[in-house]
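# Notes for the structure review
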Amino acid sequence: MTFIELLACVGMITGFFLLLNLKPIDFTNGLFSFLTRESKSIRDEINEATKRKKPNVLKREILEAQEILKMTGRSSRFSLICACSLLLFAIGASIAIVFGNFFLAPVMAVGFMFFPFWYVKLTASHFKKDIAAELETALSIITTAYLRNEDILTAVEENINYLNPPVHHVFQDFIMRIKLVNPDIEAALKALRTKIDNEVFHEWCDALCDCQYDRSLKTTLTPIVSKLSDMRIVNAELEYLVFEPRKEFIIMAIFVMGNIPLMYFLNKSWYDTLMHTPMGQIILTITAALIFISTAFVIKLTKPIEFRR
């Protein structure tokens, strides 16, 4: 009966969307814009500026995910992330309702809702690592060409076809800016510096700006590029150390959740008590809440450390 009522609820919601001619993405964007809107009262603005009042957990997760997507050049995917979050909210609540545990419904709904934002956090380090690897190749071949011809525009044009996205797009914009917008190379280098969030890349762009006034400084470019290789090695070692506690937590969480179906085969009366009595359902709800809270803390505490020189 519960499953039929759930299907009826899904059909009713779908009917509302069709009746109002409302797209799910538009609804999601409006909802999350409302949740992340800035405080308008002067007192709230003062409290946030002085850090006396922190944003709520949901708003903090949304803003952090939005910042990561912007930093990694994936801002256009924010609407998709929000839509997945809202869908998982409904799926989490539906799972709990199908099992007949109404205590668990809000916990599963809220916990599932955070999954897309946690995914963005976990993939941010891999995205940065891929950019750093491509940046290492790009800066190496461009620097070698620049040392030969002492013309950064020619050096980039000679090697632009060997670069891969997203580094390719950054240097392509650099070429188009100089040829079609403004021939000032120093201004173009300063604009190029802001396109990639990497400390060594910033230092490389600054050194190129200095080389426009003194070509003898071009010998400083090669040691700067070599830093990328050293940082990649150290960051790989740090990432391995950070991943170990996360792996142990995942194993323990699987063991905890795996005990529920295992109990069905070992002692069916215990399973019935856990699944179909109010006390057992409350215990399941507390366990699920602790798993979701622990997941948030593990992701926060095992955030990859980026080694800088």
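The following refers to the structure shown. The shown structure was predicted, so the numbers you read here are calculated from the model rather than taken from an experiment.

## Looking at the pattern of salt bridges
Counted under the stated rule, the structure contains seven salt bridges. Glutamate 150 is the salt-bridge partner of arginine 215, the closest N and O atoms lying 3.7 Å from each other. Taken together, the residues span a long stretch of sequence, with arginine 215 in the loop between α11 (199-211) and α12 (221-266) and glutamate 150 in the loop between α7 (115-149) and α8 (152-159) at a distance of 65 residues. Given the relative accessible area of 29%, glutamate 150 is considered partly exposed. Taking the shortest distance from any N to any O, the salt bridge between aspartate 206 and arginine 193 comes out at 3.0 Å.

## Things to note about the state of the cysteines
Across all of its chains, the model carries zero disulfides by this definition. Counting only cysteine sulfurs, cysteine 84 is the nearest neighbor of cysteine 82, a cysteine outside any disulfide, at a range of 9.3 Å. For cysteine 82, a relative accessible area of 0% puts it in the buried group. Not part of a disulfide, cysteine 209 finds its nearest cysteine sulfur in cysteine 205, a span of 7.0 Å. Looking at cysteine 209, the relative accessible area reads 8%, which means it is buried.

## With respect to the layout of surface pockets
Rolled over the atoms, a probe with the dimensions of a water molecule shows which regions are left empty. The computed volume of the second largest pocket comes to approximately 820 Å³. For the second largest pocket, the lining is made up of 31 residues, of which Phe112, Ala253, Met257, Ile291 and Phe292 are closest to its centre. For the lining of the second largest pocket, the elements supplying multiple residues, two or more each, are α5 (78-98), α6 (104-113), α7, α12, α13 (268-276) and α14 (278-301). Each residue belonging to the lining of the second largest pocket can be placed in one class, and the counts come to 28 nonpolar, two polar and one charged.

## Remarks on α5
Given a rise of 1.5 Å per residue, 21 residues ought to cover 30 Å, and the 30 Å separating the end C-alpha atoms of α5 matches this to within 8%. Residues of α5 that are buried: Phe78, Ile81, Cys82, Ser85, Gly92, Ala93 and Ala96. In an axial view of α5, the angular spread of the buried residues amounts to 110 degrees, which keeps them on one side of the axis. Those residues of α5 that are exposed and aimed more than 90 degrees away from the buried face are Leu80 and Leu87. Taken from the residues just after α5, glycine 100 is the one with a positive phi, measuring 80 degrees.

## Digging into the side chain of glutamine 281
With respect to the element layout, glutamine 281 can be found in helix α14. A polar contact of 3.1 Å, which involves the side chain of glutamine 281, links it to the backbone oxygen of methionine 275. Discounting chain neighbours no more than four positions away, the residues touching glutamine 281 are Gly100, Asn101, Phe103, Leu274, Met275 and His276.

## Some thoughts on the packing of aromatic side chains
The full count for this structure, using the stated rule, is 10 aromatic pairs. Pairing phenylalanine 114 with tryptophan 118 gives two aromatic rings, centres 5.8 Å apart and planes at 15 degrees, and the pair type is stacked. Phenylalanine 114 sits in the buried class, given a relative accessible area of 11%. Measuring from centroid to centroid gives 5.1 Å for tyrosine 264 and tyrosine 271, while their planes differ by 80 degrees, and the two rings are edge-to-face. Here the aromatic cluster, defined as three or more aromatic residues joined through ring pairs, consists of Phe112, Phe114, Phe115, Trp118 and Phe292.

## With respect to the packing of helix α10 (residues 185-193) against α11
Between α10 and α11, the shortest axis-to-axis distance is 9 Å and the interhelical angle comes to 175 degrees. Judged by the inter-axis angle, α10 sits roughly antiparallel to α11. Every residue of α11 that contacts α10 at Glu186, Leu189, Lys190, Leu192 and Arg193 is listed here: Phe201, His202, Cys205, Asp206, Leu208 and Cys209. Taken together, the residues that form the contact of α10 with α11 break down as six nonpolar, one polar and four charged.

## Section: helix α9 (residues 167-181)
Along an α-helix, a turn takes 3.6 residues, which lines up residues three or four apart on a common side. Between its first and last C-alpha, α9 extends 20 Å over 15 residues, near the 21 Å set by a 1.5 Å rise per residue. Taken together, the buried positions of α9 are occupied by Val167, Val170, Phe171, Phe174, Ile175 and Ile178. One side of α9 carries all its buried residues, which in axial view fall inside an arc of 135 degrees. Turned more than 90 degrees away from the buried face of α9 sit Lys179, Leu180 and Val181, all of them exposed. Along its buried surface, α9 packs onto α7, α8, α10 and α11.

Calculation criteria
- Residues numbered from 1 in each chain as written.
- Predicted model: local features only at pLDDT ≥ 70, side-chain atom pairs only at ≥ 80, totals over all residues.
- Heavy atoms only, no water.
- Salt bridge = Lys/Arg side-chain N within 4 Å of Asp/Glu carboxyl O.
- Helix = DSSP H or I, 4+ residues; strand = E, 2+ residues; numbered from the N terminus.
- Buried < 20%, exposed > 50% of the residue type's maximum accessible area, 1.4 Å probe, protein only.
- Disulfide = S-S within 2.5 Å.
- 1 Å grid on protein atoms, 1.4 Å probe; cavity = no way out; pocket = protein on both sides within 12 Å on 5 of 7 lines; lining within 4 Å.
- Points joined across faces, edges and corners; volume = space filled by probe spheres on them.
- Nonpolar A, V, L, I, M, F, W, Y, C, P; charged D, E, K, R; others polar.
- Expected span 1.5 Å × (residues − 1).
- Arc of directions from axis to C-beta.
- Polar contact = N/O pair within 3.5 Å; in protein donor to acceptor, adjacent residues only side chain to side chain.
- Contact = heavy atoms within 4.5 Å.
- Phe/Tyr/Trp six-rings, centres within 6.5 Å; stacked < 30°, edge-to-face > 60°.
- Axes fitted to C-alpha atoms, helices over the stretch in contact; angles between N-to-C directions.
- Parallel < 35°, antiparallel > 145°, perpendicular 65-115°, else oblique.

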